Amino acid sequence: AAGVIQSPRHLIKEKRETATLKCYPIPRHDTVYWYQQGPGQDPQFLISFYEKMQSDKGSIPDRFSAQQFSDYHSELNMSSLELGDSALYFCASSFRTSGSYEQYFGPGTRLTVT
Amino acid sequence: DAKTTQPTSMDCAEGRAANLPCNHSTISGNEYVYWYRQIHSQGPQYIIHGLKNNETNEMASLIITEDRKSSTLILPHATLRDTAVYYCIVRVETTSGTYKYIFGTGTRLKVLA
């Protein structure tokens, strides 16, 4: 079965640079979620989109923005990167319209800021 | 605003049942309990979820107390590949009518040969 795809899998950036992470949800899934997991920490919810509209916002810094496109893929844009942004970034998707809310997670993007 | 409390770590002998407890004493009536696991740094993997009835699937069983303040995930015959961090999660409805997961700190389960 198709899973959530994230790209790139690994990314190295320097401080103050920008980064763009991409997420391709499971086909037919209409909701995308972004999570950040710092070293040794639990996943923290950042933001979610349903049918291309932002549906909820968590602890996402103002330097970050995200959107969901017409094909339902989503991008997380991160600017003015800081060392503390080094983390695993997970995308998850669900098929809300079906009434099923299980989130299926992608393999993650490991961002290292140097 | 974590809504779950779990033991930090547990060991289990291979082939035995692993019972992972979770406290969610502040859970609201319409909030579901979800269980996921994370192996190494892979994406969390869905295991099971429930509201108030006990649930079973091919991976595990979920026992929820009658007052819904706690639950137990049961892996009936643990294998070495079940070694992972297990998260007990409360699914919370947001003001926009959608849902989000509140992750707890998780239990690091180690299955011993």
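Residues numbered from 1 in each chain as written. Chains lettered and ligands numbered in written order. Predicted model: local features only at pLDDT ≥ 70, side-chain atom pairs only at ≥ 80, totals over all residues. Heavy atoms only, no water.

Chemist: For this particular structure, what's the right way to read the pairing of strand β4 (residues 45-50) of chain B?
Modeler: If a strand is regular, its side chains alternate between the two faces of the sheet. Residue and element names in this part refer to chain B. When strand β3 (residues 32-38) meets β4, the two strands line up antiparallel, connected through 5 bridges. If you follow Val 33 over to β4, its bridge partner there is Gly 50. The antiparallel hairpin formed by β3 and β4 contains 6 residues in its connecting segment, where His 40 sits at a positive phi of about 50°. (Pairing = 2+ DSSP bridges. Helix = DSSP H or I, 4+ residues; strand = E, 2+ residues; numbered from the N terminus.)

Chemist: Looking at this structure, I do not really get the sheet that holds strand β6 (residues 61-64) of chain B. What am I missing?
Modeler: In any sheet, the strands associate via hydrogen bonds between backbone groups, in a parallel or an antiparallel arrangement. Here we have 4 strands laid out as an open sheet, ordered β2-β7-β6-β5 (chain B), and antiparallel in their pairing. Both edges of this open sheet fall to β2 (18-23) and β5 (55-56) of chain B, since each of them pairs with a single strand only.

Chemist: Quick question: what am I supposed to make of the state of the cysteines here?
Modeler: Working definition: the covalent bond between the sulfur atoms of two cysteines is a disulfide. Residues and elements named next belong to chain A. Evaluated as defined, the whole model comprises 2 disulfides over all chains. Each sulfur of the disulfide joining Cys 23 and Cys 91 lies 1.7 Å from the other. A torsion of -55° about the S-S bond marks the disulfide between Cys 23 and Cys 91 as left-handed. Here Cys 23, found in strand β3 (residues 19-24), pairs with Cys 91, found in strand β9 (residues 87-94); they are 68 residues apart in sequence, far enough to count as distant. (Disulfide = S-S within 2.5 Å.)

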